[in-house]
Structures are given as structure tokens and as C-alpha cells.
There are 2 protein chains.
Amino acid sequence: MFKINENYLKLPGSYLFSTVGRKEREYKAAHPDKKVIKLSIGDVTQPLVPSIVEALHGAVDEMGKAETFRGYAPDLGYEFLRSAIASGDYKARGVDIDIDEIFVSDGAKCDSGNIQEILGLDNKIAVGDPVYPVYVDSNVMAGRTGTYDAATGMWSNVVYMPCLEENGFAPTLPKETPDIIYLCFPNNPTGATVTKDELQKWVDYANEKKALIIYDAAYEAYISESNVPHTVYECDGAKTCAIELRSFSKNAGFTGVRLGFTVIPKELKCGDVSLNALWARRHGTKYNGAPYIVQRAGEAVYSETGRQELKKQVAYYMNNAKVIKEGLAEAGFSVSGGVNAPYIWLKTVNGMSSWEFFDYVLEKANVVGTPGSGFGPSGEGYFRLTAFGTYENTVEAIERMKKLI
Amino acid sequence: MFKINENYLKLPGSYLFSTVGRKEREYKAAHPDKKVIKLSIGDVTQPLVPSIVEALHGAVDEMGKAETFRGYAPDLGYEFLRSAIASGDYKARGVDIDIDEIFVSDGAKCDSGNIQEILGLDNKIAVGDPVYPVYVDSNVMAGRTGTYDAATGMWSNVVYMPCLEENGFAPTLPKETPDIIYLCFPNNPTGATVTKDELQKWVDYANEKKALIIYDAAYEAYISESNVPHTVYECDGAKTCAIELRSFSKNAGFTGVRLGFTVIPKELKCGDVSLNALWARRHGTKYNGAPYIVQRAGEAVYSETGRQELKKQVAYYMNNAKVIKEGLAEAGFSVSGGVNAPYIWLKTVNGMSSWEFFDYVLEKANVVGTPGSGFGPSGEGYFRLTAFGTYENTVEAIERMKKLI
């Protein structure tokens, strides 16, 4: 008789963004006359830039001709893309990453969910609180997190690193030593980040404790301040303790195109076992590569024209972030984030819980945000807004929200 | 201190096709003057058909305009594609599959590797022997397979169902009762298949034993005989015991485009837990959808023009299968498969092992095949050739191979 993975039954409720999406659909269905503005899920709204569209068309044409048709991609991804990444994302910042340390994938969500598979079930994870739900949920599914306490919203076998007003909404070194540390800078959901000196402390800590850092840098393109690191490998010693996850979703608008990559340096070992080799085995066995046409689109991101076009796109969203942050601050809301990240972290008003505020904002302003508590217990009383809407919608949403206070 | 997943260290050697690829590259590097013909990995060679190219271009244009740009896809895949699947692959064969029972993915390899995640670690799997390596390897990684015996090439906690000459190279009901049964019809690697009556016996057996069938139908487009089922759901009772995996790689040449889907009927339960709900949770948490442009390409597969064009493409490959099978049989080789599948299963000559024959054929005929033993111990002494090459290369490869006997 077959048995299911009982760990799945421990998960409380559905995936956060599925619930937010359902509530939005239900509200719209009940109020077809209302113009609902979505500033919830971090989904981009600007079209692909011309150089990427051109690269896609070119690759589609190649796939339509026998001489240039491509079947299965190389396990780690096409060399043209991995070379562009090594050069554009690392060498340009003074970091040497070999192309065999780069694993192209269909996005950072999948990678951040799958990466735990190459690690033992007896590891204790540490996460920022609040945090991107995939880190915790994928570990729940694997069975690492112990039992869930509905009263506190916490798992018994997870080290929580609260991101609160007093620490600038960024995690600080935990008291209890974890085995695996998930870090996301610039942070989702709080929009906070760390300086290079601060990140160096995490790297030193991990090396000292022989802990593994899983570093999610999906939002690095939004960094505007000069002392903020774009990659964990800017820190000394990071290659012996850190895996880096990167995405094309936010810097190039690929949420519906699907492309990302993971960096695992060859120096990163557990005893004499190379994590690079383990992930290569996982990649070769359970994954079959990102589409050729999408990998060509990824290459275009690093072209001179692509860079210029995308710089403007990022600036467009960061202008939205400014509109949200300044608009809400002016109205009297307590807001943070939005300087090095496309997320604004907002305190609810009148002591409302995150979900109460979600319903309140949806009902009164017809704006969809994401309840902070959905990201973890310390997110309670907060609300996340994204800068990924259109400028016009963002301005309108903030005008409406200003009236709520 | 972080720990790795020790199960990975149990895996003998690297992923089969990575090894085949490496040997091929090494031979080519050492013999740059030789024209090596690859009939090994099941990778297609014909370009995408015009209607699919057109759909891709159209979708790329949509992604380049604000009004039609698409971000994150719905969790299960776009409804336009799931409707086309439900109608084209199921309703057309008298099977009712709801669109909420269809989960669009980036391919059957990923799905066949990931599907075991929703199942407990205390399940015992049964596999055909030989078999597509992902079924076993993904269970090794999860820790279900016990210990590996290098002498026999077998795992202590796996039920092997030998596919030998005496049973027409297709598995028969096992003596020991398993919890999970992987079936692949038409079969990879042997090219064998079963009639609907024979498959009904598997379904009845699974329902009786409360076992779960994971049914890989990646090659159904190659079925030429009328009494062979195209989907497991043609059998009575399959909805309470079977998950079906499907691919666009072989019927539409999508090996480098990446698209597939998994069907989990809502009736399929373990106690009162719906497997459809578990997989939906996994999909929502650890996956982010196939690219919009690729889903539009998938839709074109079901269009009238797409169907006509792809029928010709499948016929092209099946003509290659005929060339291989008849050519080698004529020369005195012992061959099977190739009638309802794009694979030909060939007995080695002179008592050679599969890998000896691999080296022999590569050396003497400059043809790359896949060693049967790479698919499992009962594959020893056999060799797989695929019909996915070009016609010209296939003819030339067979002419060369004829001289080996």
C-alpha cells in the first residue's frame, strides 16, 4: 500500500501567494465594477525590452531550421550564457567565478526550493523572520522543521532571526547556531539590505561554525547605494561557505519567461564532498535545462543594448518605489525599504493584523498587497507593497491609500 | 555544522547520458577526422514545425508589448493549454480529464524525478529492468532504495521486473508486492509496449494492492497499432491508482523547448488525502510554471495544422526506426522494438557486454548508441538505438553497423 509524504500535511494553509491570488479573484468577482490594483506578488508589468524580444525571435528562427535546431541543452546550461554571467555578474565586480560553478535553471524559486535536496535531513535551518515562504515550506516538505505551533506561527526546529524595526528589518546573527542559513539581500519582503562589512560578518560566522549560507540575490539589480554588495562572493571566504541564487525575473522582467541560476563554488565542501558535484548530479538527473530560446534571451540581458534598456526598466520600477514610499510616509504611514529593493514594508494602522489590513486595503482602496504575517510571525502587523506595477497604477493606488489614514 | 544528503554518495557513477556524452566527446576529440553519428540519447533532430514557430513568434511579440505582456503563469499552467490537452489527448480518446487534473511543467524528466517527493520514504518501488534511469536515481537520492550491490547492479529495496526476450521485453506483474510501480509504455529503452487488455491487468493489480502506478506515456505519439492504449486512463479504474506523465519532447520536438504535463485525477487518494492537492502544493511552492511563449507553442501542437505537420514528423522518425530495425535484422542482428516506439533494442554480438559493444560500435562504425546495462542489470548484453537522427545519418549508421556482423 502506497503512503504519502506526511510532511505535506503539516503545512498550514496554502502557499501564501496562492491565497492572496484567491482572495483577489473572489473580491473582483463580487465587485466587477471596481478597478483593483495589484501591488502584491512581485510580478513585473513592463514588457520585455527590444533587445530581448529580438534575441527571442532570432532563437525561434534557429529552432525552425534543421541546420540551427537545438535539442537537449548541456546539463549546466549553454556556455554562451554561463560565460556572459561569469563576466557580467562576477568578473565585472572583481569576483572570479568559473563557468562550471554556474548552473542555469528555470528560476530562483525552483532553485531555492530544490537546493535543500542535496543536504541532509538532520540540518537545522535559520531564516529571517519574515522571509520568502519557499525557504521554510520546502524544508517542511522535506521534514527538517519539526512541528508547527499555530499559536506562534513557528516551527519547533527552525532558528528564527527576527527582522524588526530595531534592527532595520534585517536579520542579525542568531543566538542558537544553525547548520544552514538562508539570507536574502536586498531582502524580500522587508526591502532592507546590508553593507559589505555587515555581510562579511555573516560569512565569517558561517565559516567559523561550518554553516552553509544560501544567499538569495534575486533583487541585486535594485541596489542603489555603493556600500551594498551585489554578490556574496564580494566577501572574503564566501566561496567556502555560500551558495548564491540569482534570478532574471526582476532585473529583466522574466517572471513569465523563466530563467535563473545558482552558483556553487568548487571550494565549497562538506568534508571532502563537493557541493558543486552533488548539485551537478541533481541537475543532470532531475532537470533538463532551460529552453534554448530563453537562454538566448538571457544572453541578451548582458549585451550593451540590453544593459541600457534594462537600466531604464529598473529605474522605472524604482521610481514607483519612491512614489509609494514618499507618498505613504507623507500621509503618515510608517514605511521602510524601497531604496535598494523594489519592496516597501509598511506598518499597518490602528493595530490591525496583517490580514485585517489586507482586507481593509482591498475593501477600501481596492489595492492588493501582501500580508506581512504570511512571511513569518515577525511580519505580523506589517504589509508588503511592490514597485512592479505600472507608474499610473502605482500613483493611483497610493492616492487611494493615502485616504486610509 | 551542515551535512550533505548522504544518499547521493550511494549513486554509482554519473547519470547514464552524461557518461555516454563524455565518451562521445572524448572519441571525437581523439579522432577529429571521423564523422561520428549519434543514435544514443533520445534527442530529436528535426526542426520545430512551421505552426509552432509561428506560435512562438506570436507569443514573443505579445511579451514585447505592455498590453499583452504576461508575468507569472497560473500555478497549474495556462487554461488555454490545459483545455487543449484535456480535449486533444483525453476527450478524443473517450477519457474525461478535468483541466484541474492537469499540471503543466517543463518536461517529463523533471516530473518523473520530482513526483516521488509527495510520497513517503517508506514506499517500496518497482521498476522495469531495464528502465529509464531517472525513476531509480531520484528514489536513490530520496533514500528509498536501500543499498547498492555493485556485483548485481541492483538495489536492495527495489522490486525489479525483468524485461527479457521471453516476455517480449516488457515487465510482467511482480512476485513481491510493491507500493509504487513505474511503468513506461511504449517502453524506453526496449521499445516494447502492451495491449489495452494487458495494461488493464496492471490497473486491476494496483487497485487490488493499493499500489500507485506512475505511468510514463512520453512516447504515445509513436503508437502505430490499434490495440495499444495511448493513456492509462483508457483502462477502467485507472483514476484511483495512476498518475500519468506526458511530454512534448518526442511528439513535437520540444527537447530543447521544454514542456510536459502530469495528470493526477482527483479520485486518486491515499486514505482521505488527495494526491492532486499534494502535487498542487508542490507545484505552487517549488515551481513557477513553464514560459508563456512555450505554453503557446504547446497549444499549437493541438491545432489542426500543428497536428498535420507533427504527424509527418513522427512518420519521418518511424521511417528511421524501420530502416534501423530492418537493416540490422537483415544483417543478422537480433532486434526488437521500433514498431510502437522510436527505440530499437539490439542484442550485442559475440557475447560482448553492453559497454564493450558501445566502445566497439563507436570505434568501428563511429556510431554512438546507449549501453543497455546503463538502464538496469537485465539490459546487460543489449544496446539501444534511437530513431531520432536524420534519415541520411540513420541510413549511413546502419550501413556501417551492418559490416560489424
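Source: prediction; values computed, not measured.

## Here's the deal with the overall build of chain A
Looking only at helices and strands, chain A has 12 helices and 17 strands in total. Radius of gyration (C-alpha) of chain A: 21 Å, near the 22 Å computed for a compact globule of 405 residues. With the principal axes as the frame, chain A shows a C-alpha extent of 60 × 55 × 50 Å. In chain A, buried positions account for 64% of the 405 residues. The contacts in chain A between residues at least 6 apart in sequence include a share of 73% that link residues at least 24 apart.

## Focus on the interface of chain A and chain B
With 83 residues of chain A at the interface, the matching set in chain B holds 83 residues. Summed over both partners, the interface of chain A with chain B comes to about 6,800 Å²; 61% of that surface belongs to carbon and sulfur atoms. For the chain A face of the interface with chain B, the top three residues by lost area are Phe2, Tyr72 and Arg281 of chain A, together amounting to 13%. At the junction of chain A with chain B, the criterion picks out four salt bridges. In this structure, the salt-bridge partner of Lys3 of chain B is Asp179 of chain A, at a minimum N-O distance of 3.5 Å. Across the contact surface, chain A and chain B share 36 residue pairs in polar contact (both at pLDDT 80 or more). Elements with a minimum of two residues in the side of chain A that touches chain B: helix 1 (7-10), helix 3 (50-63), helix 5 (108-114), helix 6 (133-142), strand 11 (269-270), helix 8 (275-286) and helix 9 (292-301) of chain A. Residues that form the side of chain A that touches chain B fall into these classes: 39 nonpolar, 24 polar and 20 charged.

## Remarks on empty space enclosed by the protein
All chains considered together, the criterion is met by six cavities of 30 Å³ or more. The volume enclosed by the largest cavity comes to roughly 170 Å³. Considering only enclosed or pocket space, the second largest cavity measures out at about 60 Å³ in volume.

## Points about the relation of the copies chain A and chain B
A rotation about an axis combined with a shift along that same axis relates the two copies of the chain. With an RMSD of 0.0 Å, the fit of chain A onto chain B corresponds to turning through 180° and sliding 0.0 Å along the axis. What we have between these two chains is a two-fold relation. For chain A, the minimum C-alpha distance to the rotation axis belongs to His57 of chain A and amounts to 3.1 Å. Taken together, the interface assignments show that 100% of the residues at the interface of chain A recur at the interface of chain B, consistent with an identical surface on both copies.

## Points about the confidence of the model for chain A
Summing up the model confidence of chain A, the mean pLDDT is 96 and the portion of residues at 70 or higher is 100%. Scoring of the predicted complex yields 0.97 for pTM and 0.96 for ipTM.

## Side note on helix 6 of chain A
Residue and element names in this part refer to chain A. Burial analysis of helix 6 places nine of its 10 residues in the buried class, which makes it a mostly covered element. Of the positions making up helix 6, those classed as buried are Pro133, Val134, Tyr135, Val136, Asp137, Ser138, Asn139, Val140 and Met141. At the exit of helix 6 stands Gly143, carrying a positive phi of roughly 100°.

## Some remarks on the packing of helix 3 (residues 50-63) of chain B against helix 10 (residues 304-331) of chain B
Helix-helix packing is described using two parameters, namely the angle between the two axes and the distance between the axes. Residues and elements named next belong to chain B. Contact geometry of helix 3 with helix 10 gives a least axis separation of 8 Å together with a crossing angle of 135°. The angle between helix 3 and helix 10 places the two elements in the oblique class. Across the interface between the two elements, Pro50, Ser51 and Ile52 from helix 3 touch Thr305, Gly306, Glu309 and Leu310 from helix 10. Grouping the constituent residues of the contact of helix 3 with helix 10 by class yields three nonpolar, three polar and one charged.

## Observations regarding the sheet that holds strand 14 (residues 343-347) of chain A
Residue and element names in this part refer to chain A. Taken together, four strands build an open sheet; the order of strands is 13-14-17-16 and the sheet is antiparallel. Lying at the two open borders of the sheet, with one neighbouring strand each, are strand 13 (335-337) and strand 16 (370-371). As paired strands, strand 16 and strand 17 (residues 382-386) are joined by two bridges and run antiparallel to one another. Opposite Pro371, over in strand 17, you have Phe383 as the bridge partner. Across the face of the sheet, helix 10 (residues 304-331) comes into contact with strand 13, strand 14 and strand 17 while running at roughly 155° to strand 13.

## Thoughts on the pairing of strand 2 (residues 102-105) of chain A
Residues and elements named next belong to chain A. Burial along strand 2 is two-sided: the residues Ile102 and Val104 and Phe103 and Ser105 are all buried. Pairing between strand 2 and strand 10 (residues 260-263): four bridges, direction antiparallel. For Phe103, the partnering residue across the bridge sits in strand 10 and is Thr262.

## Brief notes about the sheet that holds strand 7 (residues 180-184) of chain A
Whether parallel or antiparallel, the strands of a sheet pair through hydrogen bonds between backbone atoms. All names here are of chain A. The seven strands are arranged 2-10-9-8-7-3-6 in an open sheet whose pairing can be described as mixed. With partners counted over all chains shown, the strands left at the sheet margins are strand 2 and strand 6 (158-162), one partner each. Pairwise comparison of adjacent strand axes, ignoring direction, gives a mean angle of 20° for this sheet.

## Brief notes about helix 9 of chain A
Across the 10 residues of helix 9 of chain A, nine count as buried, placing the element largely inside the fold. Within the span of helix 9 of chain A, buried status applies to Tyr292, Ile293, Val294, Gln295, Arg296, Ala297, Gly298, Ala300 and Val301 of chain A. Tucked inside the fold, the buried residues of helix 9 of chain A contact helix 3, helix 4 (79-90), strand 2 and helix 10 of chain A together with helix 3 and helix 9 (292-301) of chain B.

## Side note on the environment of Ser373 of chain B
Residue and element names in this part refer to chain B. Looking at the element boundaries, Ser373 is found in the loop between strand 16 (370-371) and strand 17 (382-386). Taking the C-alpha atoms as reference points, Ser373 and Leu164, 209 residues apart in sequence, are found 13 Å from one another. The residues contacting Ser373, other than those within four sequence positions of it, are Ser354, Trp355, Gly379, Glu380 and Tyr382.

The rules behind the values
- Residues numbered from 1 in each chain as written.
- Chains lettered and ligands numbered in written order.
- Predicted model: local features only at pLDDT ≥ 70, side-chain atom pairs only at ≥ 80, totals over all residues.
- Heavy atoms only, no water.
- Helix = DSSP H or I, 4+ residues; strand = E, 2+ residues; numbered from the N terminus.
- Rg over C-alpha atoms; globule rule 2.2 N^0.38 Å.
- Buried < 20%, exposed > 50% of the residue type's maximum accessible area, 1.4 Å probe, protein only.
- Contact = heavy atoms within 4.5 Å.
- Buried area = accessible area lost by both parts, 1.4 Å probe.
- Salt bridge = Lys/Arg side-chain N within 4 Å of Asp/Glu carboxyl O.
- Polar contact = N/O pair within 3.5 Å; in protein donor to acceptor, adjacent residues only side chain to side chain.
- Nonpolar A, V, L, I, M, F, W, Y, C, P; charged D, E, K, R; others polar.
- 1 Å grid on protein atoms, 1.4 Å probe; cavity = no way out; pocket = protein on both sides within 12 Å on 5 of 7 lines; lining within 4 Å.
- Points joined across faces, edges and corners; volume = space filled by probe spheres on them.
- Least-squares fit on C-alpha atoms with pLDDT ≥ 70 in both.
- pLDDT = per-residue confidence, 0-100.
- Axes fitted to C-alpha atoms, helices over the stretch in contact; angles between N-to-C directions.
- Parallel < 35°, antiparallel > 145°, perpendicular 65-115°, else oblique.
- Pairing = 2+ DSSP bridges.

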